[in-house]
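Observations on the model geometry
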Amino acid sequence: MITGAQIRAARGLLDLLMKDLASQSGVNERTLRRYEAQDGVPMDRSGNLAKVRIALEHQGIEFIGTPDHNPGVILKK
């Protein structure tokens, strides 16, 4: 599981626009905005959170920690 803050941080590290993440993950921008605005792990429907995670990992993001203990991101390129 990943948190809204991790998604925001990952996009920031990649300098990735929300519309680009939407296109790459197949998750619409409205859902991404909702995910990023939430504290903790966003409610997941239809496996969208996994799609976002995979899209970011394909660009070199590594999610570290757990949602409850030191959640973060690392850019590996």
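**Re the nonpolar core**
Ranked by internal contacts, the top residues of the largest apolar core, which has 18 residues, are I7, L21, L32, V52, L56, I61 and F63. Every element with two or more residues in this core is listed here: α1 (4–14), α2 (18–25), α3 (29–37), α4 (48–57) and β1 (61–66). Per-element tally for this core: the top contributor is α4, with 4 residues. Once residues within four sequence positions are removed from consideration, F63 is found in contact with I2, Q6, R53, L56, E57, G72 and V73.

**Brief notes about the side chain of E36**
Counting through the fold element by element, E36 comes out in helix α3. E36 sits in the buried class, given a relative accessible area of 8%. Once residues lying within four places of it in the same chain are set aside, the contact partners of E36 are G4, I7, R8, R11 and M18.

**Side note on unusual backbone geometry**
Even without being a glycine, D15 presents a positive backbone phi close to 50°. Looking at where D15 falls in the secondary structure, it is placed in the loop between α1 and α2. Exposure remark for D15: the relative accessible area of 72% places this residue in the exposed category. Even without a glycine there, the phi angle at S46 is positive, about 60°. Within the element layout of this structure, S46 appears in the loop between α3 and α4.

**Here's the deal with α4**
Residues of α4 that are buried include every one of N48, L49, V52, A55 and L56, and no others. Down the axis, α4 shows its buried residues gathered within 125° of arc, on one side only. Where α4 is buried, its residues touch α1, α2, α3 and β1.

**Re the pairing of strand β2 (residues 69–75)**
Inspection of the sheet shows β1 paired to β2 by 5 bridges, in the antiparallel sense. Across the sheet, residue T66 finds its bridge partner in β2, namely H69. In this antiparallel pair of consecutive strands, β1 and β2, the connection spans 2 residues.

**Points about the packing of α3 against α4**
Contact geometry of α3 with α4 gives a least axis separation of 11 Å together with a crossing angle of 85°. In terms of their interaxial angle, α3 and α4 are classed as roughly perpendicular. Residue-level contacts link T31, L32 and Y35 of α3 to N48, L49 and V52 of α4. For the contact of α3 with α4, the residue count by class is 4 nonpolar, 2 polar and no charged.

Reading the values: the criteria
Residues numbered from 1 in each chain as written. Predicted model: local features only at pLDDT ≥ 70, side-chain atom pairs only at ≥ 80, totals over all residues. Heavy atoms only, no water. Core = buried A, V, L, I, M, F, W, Y, C linked by side-chain atoms within 4.5 Å. Buried < 20%, exposed > 50% of the residue type's maximum accessible area, 1.4 Å probe, protein only. Helix = DSSP H or I, 4+ residues; strand = E, 2+ residues; numbered from the N terminus. Contact = heavy atoms within 4.5 Å. Arc of directions from axis to C-beta. Pairing = 2+ DSSP bridges. Axes fitted to C-alpha atoms, helices over the stretch in contact; angles between N-to-C directions. Parallel < 35°, antiparallel > 145°, perpendicular 65-115°, else oblique. Nonpolar A, V, L, I, M, F, W, Y, C, P; charged D, E, K, R; others polar.

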